[in-house]
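# A structural walkthrough
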Amino acid sequence: MANLSHLEEIFSGDGTRPMRLPRWQDGGSPAGLAVTLVADYTFPARAWLPAAAIVALLGEFDVAAGAARTTISRLARRGVLEGSRQGRYSSYRLTREAAVDLWSGGGSIATFTTQPDSWDGWWTLVAFSVPEQDSTRRRALRTALRWRGFAPLYDAVWASPHPLTPKGRAELADLALGSVSVFRARQVDLETEANRNPVEAWDLPGIAAQYEIFIRRWSGLLPRISAGEVTGAAAVRARTEVMNTYRHFPVLDPLLPIDLLPADWPRPRAREVCVAVYDGLAHPAQEHVRSVAARSADGPHLGISAHTIAGMSAGIGHSDG
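All of these numbers come straight from a predicted model, not from anything done at the bench.

## Considering the overall build of the protein
Each helix and strand counted, the protein has 15 helices and seven strands in total. In the protein, buried positions account for 48% of the 321 residues. Considering only residue pairs separated by 6 or more positions, the protein has 76% of its internal contacts joining residues 24 or more positions apart. Accessible area of the protein: about 15,300 Å², with a carbon and sulfur share of 53%.

## Some points on the sheet that holds strand β2 (residues 81–86)
Two orientations exist for strands paired in a sheet by backbone hydrogen bonds: parallel and antiparallel. Taken together, the three strands give an open sheet; going across it, the order is β1-β3-β2, and neighbouring strands pair in antiparallel fashion. Every other strand in the sheet has two partners, leaving β1 (49–50) and β2 as the edge strands with one partner each. Both β1 and strand β3 (residues 89–94) contribute to a ladder of two bridges, which runs antiparallel. For P50, the partnering residue across the bridge sits in β3 and is S91.

## Here's the deal with the pattern of salt bridges
Tallied over the full model, the rule gives twelve salt bridges. The salt bridge involving R93 is made with E82; its shortest N-O contact spans 2.7 Å. Of this pair, R93 sits in strand β3 while E82 sits in strand β2, and the two are eleven residues apart along the sequence. Among the residues examined, E82 registers a relative accessible area of 26% and is labelled partly exposed. One salt bridge in this structure joins D155 and R138, with 3.9 Å as the shortest N-O distance. Here the residue D155 occupies a position in the loop between β5 (151–154) and β6 (157–160), and R138 occupies one in helix α7 (residues 135–147), the gap between them amounting to 17 residues. A relative accessible area of 53% means that D155 is categorised as exposed. For R138, a relative accessible area of 10% translates into the label buried. Each of R46, E82 and R93 takes part in one network of salt bridges that share partners.

About the cut-offs
- Residues numbered from 1 in each chain as written.
- Predicted model: local features only at pLDDT ≥ 70, side-chain atom pairs only at ≥ 80, totals over all residues.
- Heavy atoms only, no water.
- Helix = DSSP H or I, 4+ residues; strand = E, 2+ residues; numbered from the N terminus.
- Buried < 20%, exposed > 50% of the residue type's maximum accessible area, 1.4 Å probe, protein only.
- Contact = heavy atoms within 4.5 Å.
- Areas by Shrake-Rupley, 256 points an atom, 1.4 Å probe, with all protein chains shown as cover.
- Pairing = 2+ DSSP bridges.
- Salt bridge = Lys/Arg side-chain N within 4 Å of Asp/Glu carboxyl O.

This is the structure we're talking about:
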């Protein structure tokens, strides 16, 4: 899986603070919306979008024009966007580095839940000791672990059902500076009420509730999508919002093994709903973004093309017209 902490930093500008679940369901920041909008309609060619079009599209999410322009400038200063000027028109596109990270992260999100569930029964445990006075390093280490799919079994013992990748080991080594130990182990059940299964490090009822909120929120839109009734700005808004929420699930639920989860775990249904909304609205959303770009810079922008989850899963961009 891609480094989702780096991906989140691109969207929010801050990968150091844990996200609060209700905020994930509320939409997104202007920076997150801008990155999502640019990425959704310029992959894989890194097409240019007129600055005025980005401002207009953000305005459809109730972002004021001044705030939208400030957001674009900040993303450019951070190296997420790069600008170009032709005559009186300014345009922006993703920088090559941001595009690589976003495409890699998008592929991970698109294939989330599609991999075989083949857990070997082994847990990865990370135990660490960082002085209380070094709160910055403690916070950074915990954040890195959480973005890597770990959860706190105990205060300084974090667990994951997946092995650490070489890149993950290197990142933890840089953060821990010799104060961390990593183990691969199986749980030994104790016949006592104090016995704690490592999966209890995750708030399973809370995760299931977030999935159910997502499913209820978006499944009601599916009949209208099938009937072709969601078009224009409404299609772009729905498509952006559904992905802005869904992209957090790989961190919330880092593919916990099905054998450890309650029956009827809602993960597969959430993906089905996301694909139905995101891919089902690709064409009308693409046409709306093209029309806004054409109005903003006096001409067609055929390089604008909406990609789909199906395309990302296959490693290709979507092209329709």
